[in-house]
Amino acid sequence: MQRIHVIDSHTGGEPTRVVVAGGPDLGSGSLAERRDRFRRTHDQFRSAVVNEPRGSDVMVGALLCEPVDPDCVAGVIFFNNVGYLGMCGHGAIGVAVTLAHLDRLGEASRQCRLETPVGIVGFAMDGPNRVTIENVASYRFREQVTIAVPDIGPVTGDIAWGGNWFFLVHDHTLTLHVSRAEALTEYAWRIRQALTAQGITGAAGAEIDHIELTGPPVDPANDARNFVLCPGKAYDRSPCGTGTSANLACLMAAGRLRPGQVWRQEGIVGSVFAGKVRIEHGNIIPSITGEAFVTANSHLIIDHRDPFGHGVPT
Ligand code: PYC
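Read on for an overview of the structure. (Residues numbered from 1 in each chain as written. Predicted model: local features only at pLDDT ≥ 70, side-chain atom pairs only at ≥ 80, totals over all residues. Heavy atoms only, no water.)

What follows is about the pairing of strand 8 (residues 130-134). Side chains of strand 8 alternate between two faces, with Val-131 and Ile-133 buried and Arg-130, Thr-132 and Glu-134 left unburied. Connecting strand 7 (residues 119-125) to the next strand, strand 8, in antiparallel fashion are four residues. Two strands pair when backbone bridges link them, and strand 8 and strand 16 (residues 283-302) are joined in this way by five bridges, in the antiparallel orientation. Within strand 16, the residue paired with Thr-132 across the bridge is Thr-289. (Buried < 20%, exposed > 50% of the residue type's maximum accessible area, 1.4 Å probe, protein only. Helix = DSSP H or I, 4+ residues; strand = E, 2+ residues; numbered from the N terminus. Pairing = 2+ DSSP bridges.)

Right, dumping it as structure tokens:
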């Protein structure tokens, strides 16, 4: 029997399962090296934690690790139903609330740092559930790229980095409402497949594995709404922290946002992240504020006699 201590939370409706103890020993090295080791040698553990029967396609896992930088409260490797994420904005907010729940932040809860495989992310607790994260530098990589999407036609979007790679589509005729989730998923998935088939990538040939559709908000107090399709074909219930960061970078590049200006990003279920950017050495540094709530503090059990102990294959 293997016992894994996890704390579950949700950020704007999107779940995060933080592995607090009982995870694999990934040795030493940078978080990116340990993430690669995780993938090569312990991928079954990823599947056991987030996939059915213990999780679902929507669940994002977060393995807490020793940070290399002693100024960080923790290192974290994010993963999902099909693989690993560079960063995860809703997940970082969930990790922050989880560390606060465990009383691991002490006096410094307004100035904390988390180490991720793609860089250091700052966070500040604005209350027991409200967190502002400062993400890695984000940027628009290519503007207005048109691709031919089978059964849809030409689709134009921006390619941007926000801690993960995104293709952001503004010009579409779809209604961004959760009742349309199936149609939105199919549309976004076709775009994702077309990008892969046509070899359209982020910097250094990186796969674009998140598709973000943007449109007008439902609540006029907000600036926009989005629908984000994640790598394993589940859609983000939150407004997606890395997706909001990528969008802020595009808005900055298009001259539609000023440093310090608050952008209220509504997600597909109506939860909201407040985003803004600052400029450091010419880089766009987004910060995202959102709320997370702890939903469970429990132990997962992997019984090695269980034929589905490491998750149901999908
Ligand atoms: O909030 O960055 C995010 C995220 C990525 C995938 C799911 N959520």
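Here we come to the environment of Leu-248. Along the chain, the position of Leu-248 falls in helix 5 (residues 241-253). Relative accessible area serves as the criterion here: at 0%, Leu-248 is assigned to the buried category. A sequence separation of 108 residues divides Leu-248 from Arg-140, and the C-alpha atoms of the two residues are 9.1 Å apart. Non-local contacts of Leu-248, meaning those with residues more than four positions away in its chain, are made with Leu-257, Trp-263, Gly-275, Lys-276, Val-277, Pro-286 and Ile-288. (Contact = heavy atoms within 4.5 Å.)

Buried within helix 1 (residues 31-41) are the following residues: Leu-31, Arg-34, Arg-35 and Phe-38. For helix 1, the arc enclosing every buried residue in end-on projection is 105°, short of the 170-degree limit, so these residues lie on one face. Looking at the buried side of helix 1, the elements it contacts are helix 2 (43-50), strand 3 (60-65), strand 4 (74-79), strand 5 (84-85) and strand 6 (112-116). (Arc of directions from axis to C-beta.)

Let us look at helix 5. Compared with an ideal rise of 1.5 Å per residue, which puts 13 residues at 18 Å, helix 5 spans 18 Å between its outermost C-alpha atoms and is within 8% of the ideal. Listed in full, the buried residues belonging to helix 5 are Gly-241, Thr-242, Gly-243, Thr-244, Ser-245, Ala-246, Asn-247, Leu-248, Ala-249, Cys-250, Leu-251 and Met-252. At the C-terminal side of helix 5, Gly-255 shows a positive phi close to 75°. (Expected span 1.5 Å × (residues − 1).)

In the neighbourhood of the ligand, the contacting residues comprise Cys-88, Gly-89, His-90, His-210, Cys-230, Asp-236, Cys-240, Gly-241 and Thr-242. Gly-241 places a polar main-chain atom, nitrogen or oxygen, 2.7 Å from an oxygen atom of the ligand. Between an oxygen atom of the ligand and a side-chain N or O atom of Thr-242, the distance comes to 2.7 Å. Contributions of two or more residues to the shell around the ligand are made by helix 3 (89-101) and helix 5. Looking at the shell around the ligand, its residues break down into three nonpolar, five polar and one charged. (Near = heavy atom within 4 Å. Polar contact = N/O pair within 3.5 Å; in protein donor to acceptor, adjacent residues only side chain to side chain. Nonpolar A, V, L, I, M, F, W, Y, C, P; charged D, E, K, R; others polar.)

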